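Coordinate inspection notes
Chain by chain, the residues run as shown.
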There are 2 protein chains.
Amino acid sequence: MKSADQWRITLVGAGNVAWHMGKALSDKGYVISRILNRTIASAKQLAEELHVASFGPPEDLSADTDACLICVSDDAIATVIKQLKPGNCLLIHTAGSVSLDVFRDNAANYGVLYPLQTFTWGRSLDYSEIPFLTEANSEVNLGLINQLASSVSHRVMEADSIQRLYLHLAAIFASNFSNHMYTLAEKLADQYKMPFDLLKPLIAETAAKAMDVSPQMAQTGPAVRGNVKVIEKHLELLKSHPGMQELYRMISKSIRGL
Amino acid sequence: MKSADQWRITLVGAGNVAWHMGKALSDKGYVISRILNRTIASAKQLAEELHVASFGPPEDLSADTDACLICVSDDAIATVIKQLKPGNCLLIHTAGSVSLDVFRDNAANYGVLYPLQTFTWGRSLDYSEIPFLTEANSEVNLGLINQLASSVSHRVMEADSIQRLYLHLAAIFASNFSNHMYTLAEKLADQYKMPFDLLKPLIAETAAKAMDVSPQMAQTGPAVRGNVKVIEKHLELLKSHPGMQELYRMISKSIRGL
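Note that the coordinates shown come from a computational prediction; the quantities given were computed from them, not determined experimentally. (Residues numbered from 1 in each chain as written. Chains lettered and ligands numbered in written order. Predicted model: local features only at pLDDT ≥ 70, side-chain atom pairs only at ≥ 80, totals over all residues. Heavy atoms only, no water.)

Looking at the environment of Leu 100 of chain B
Residue and element names in this part refer to chain B. How we decide: A run of DSSP states H or I qualifies as a helix once it reaches four residues; a run of E qualifies as a strand once it reaches two. Both are numbered from the N-terminal end. Each residue gets one of three labels from its accessible area relative to the maximum for its type: buried under 20%, exposed over 50%, partly exposed in between, using a 1.4 Å probe on protein chains only. In this description, contact between two residues means that some pair of their heavy atoms is separated by no more than 4.5 Å.
In this fold, Leu 100 is placed in the loop between β5 (90-93) and β6 (110-115). Exposure remark for Leu 100: the relative accessible area of 11% places this residue in the buried category. Along the chain, Leu 100 and Asp 160 lie 60 residues apart, while their C-alpha atoms are 8.3 Å from each other. The residues contacting Leu 100, other than those within four sequence positions of it, are Tyr 110, Gly 111, Val 112, Glu 135, Ala 136, Asn 137, Ser 161 and Arg 164.

This is the structure in structure tokens:
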């Protein structure tokens, strides 16, 4: 087994995931040898940020790369794989919603390393707690990907493409959609001249409680209590916000239905 | 101004809010002298928990009470006020969605102390961080309620009934509805034999990020990126869950609309 500093890793992409994966791996001693990206200016920016000397377009994958970590948007992965002409290089994508099959016919060694987290450029994260879901086209390649993942995080788990797909969908609800609920709350607070800050202890406690018990057990509020008078009052308050009113109605119905 | 140990406070209600308010106030030296509740067994249970000697039905409000804190469900407040026959006792309710007017014609001294938090019996909370929204029918009563609130929390703010109503509605989105998103995520994870634990770092980071920046700025995912192919794939995956599918469609539309 190669030690971390013997690996030469190319990152493809120059966004939030590339920034964090580059940082997580180089923190553990892996050598990020090159950044490839369609927009060269972005490749250059990330290369500077991660102290990587070499960058270029996706067509420029060099032969001495041990692994090429593809951190582009889900829609762009198939195109990027064709541009890379990987030869024997181990290609790894990082997307929740893209099947392992995307590599077939265009690569010999391939797999997936999906970090189940929301990434923001420059924001610090405890990488050791991030679940990494891995999959590969052979035991050898799976072993290599698990080695990469395990040196960053203690939560590495194999998952097939279907499990990863549904877990990514679950993550949309747990993260994107819960965040949108915060956004709608912020809109309401703004409109009535109340600082969003007032809602922060509630947001923190709601997340903490759902993690300590289970979200279904932790559910509170008029919908789960079947408090129809409060629900009707709220729907009336939202009559000038038809989109929010409809969401309120449907989410309350969904809470009642469980 | 009376010191905390000179106050005699009666709690009405025996649920989560009564447990926490009783604890928060007695921690600060206030004397909880009595627990009143329609179901006597529950009054007795809370009285034991808070080391309060006296309990009874709502009709048993004693004349030496300085303040009576009503911690019953929103729908029950009007009924309870009539049962209490408060005389000159300061009545305070703790509900977000109930106007100050609920007291009119049934009390001489009254107000509101609304703690903006989700309460679970027995769960420990940092009371000093909880926003308390206060309102009263006179300056004197507002001063008394602010004294109570300020001795528990450093985040006390006056708000009228309309502001409180909308802030309560905002809290439904920020807490009850975000929690329901976690619940739906848990359902999906369960169905595909993936532990809900995998989603916890994501839930924690999503809440942390929304509080550090703003939820609107923090929004990620296929909906805000307009990634139609991923959205369509997810809707297809949810075809056997029509309720979740419709929520996915509507929340994605709402995210795009901002």
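Alright, that's what it looks like, and here's the rest.
A few points about the pattern of salt bridges
Applicable threshold: Throughout this description, the term salt bridge denotes a Lys or Arg side-chain nitrogen within 4 Å of a carboxyl oxygen of Asp or Glu.
Scanning the model with the defined rule gives 22 salt bridges over all chains in all. Between Arg 104 of chain A and Asp 101 of chain A there is a salt bridge; the shortest N-O distance is 4.0 Å. On the basis of relative accessibility, which here comes to 46%, the residue Asp 101 of chain A falls in the partly exposed class. Through salt bridges with shared partners, a single network forms among Arg 123 of chain A together with Glu 205 and Asp 212 of chain B.

A look at the environment of Leu 258 of chain B
With respect to the helices, strands and loops of the structure, Leu 258 of chain B is situated in the segment after α10 (242-257). For Leu 258 of chain B, a relative accessible area of 41% gives the class partly exposed. For the pair formed by Leu 258 of chain B and Asn 179 of chain B, sequence separation is 79 residues and the distance between their alpha carbons is 22 Å. Residues within four places of Leu 258 of chain B in sequence aside, it is in contact with His 180, Thr 183 and Lys 187 of chain A together with Gln 216 of chain B.

Details of the layout of surface pockets
Basically, it comes down to this: The definitions used throughout rest on a 1 Å grid laid over the protein atoms alone, on which a cavity is an enclosed set of points accommodating a 1.4 Å probe that cannot get out and a pocket is an open set flanked by protein within 12 Å on both sides along at least five of seven lines; lining residues are those having an atom within 4 Å of a point. Grid points are joined across faces, edges and corners, and a volume is the space filled by probe spheres set on the points. Residue type decides the class: Asp, Glu, Lys and Arg count as charged, Ala, Val, Leu, Ile, Met, Phe, Trp, Tyr, Cys and Pro as nonpolar, and the leftover types, Gly among them, as polar.
Reported here for the largest pocket is a volume of approximately 970 Å³. What lines the largest pocket is a set of 40 residues, and nearest its centre among them are Arg 225 of chain A together with Val 17, Val 72, Ser 73 and Asp 74 of chain B. For the lining of the largest pocket, the secondary-structure elements that each account for two or more residues are α8 (222-225) of chain A together with α1 (16-27), α3 (77-84), β6 and α5 (161-191) of chain B. At five residues, the largest contribution of residues to the lining of the largest pocket is made by α5 of chain B. Across the lining of the largest pocket, the residue classes tally to 19 nonpolar, 18 polar and three charged. Val 17 and Asp 74 of chain A together with Thr 220, Gly 221 and Arg 225 of chain B are, among the 30 residues lining the second largest pocket, the residues nearest its centre. Tallying contributions element by element places helix α5 (residues 161-191) of chain A first for the lining of the second largest pocket, with five residues.

Side note on the confidence of the model for chain A
This is how the line gets drawn: Known as pLDDT, the predictor's per-residue confidence is scaled from 0 to 100.
A residue-level look at chain A finds 100% of positions with pLDDT of 70 or above and a mean pLDDT of 95. Here the predicted complex carries an ipTM of 0.95, next to a pTM of 0.94.

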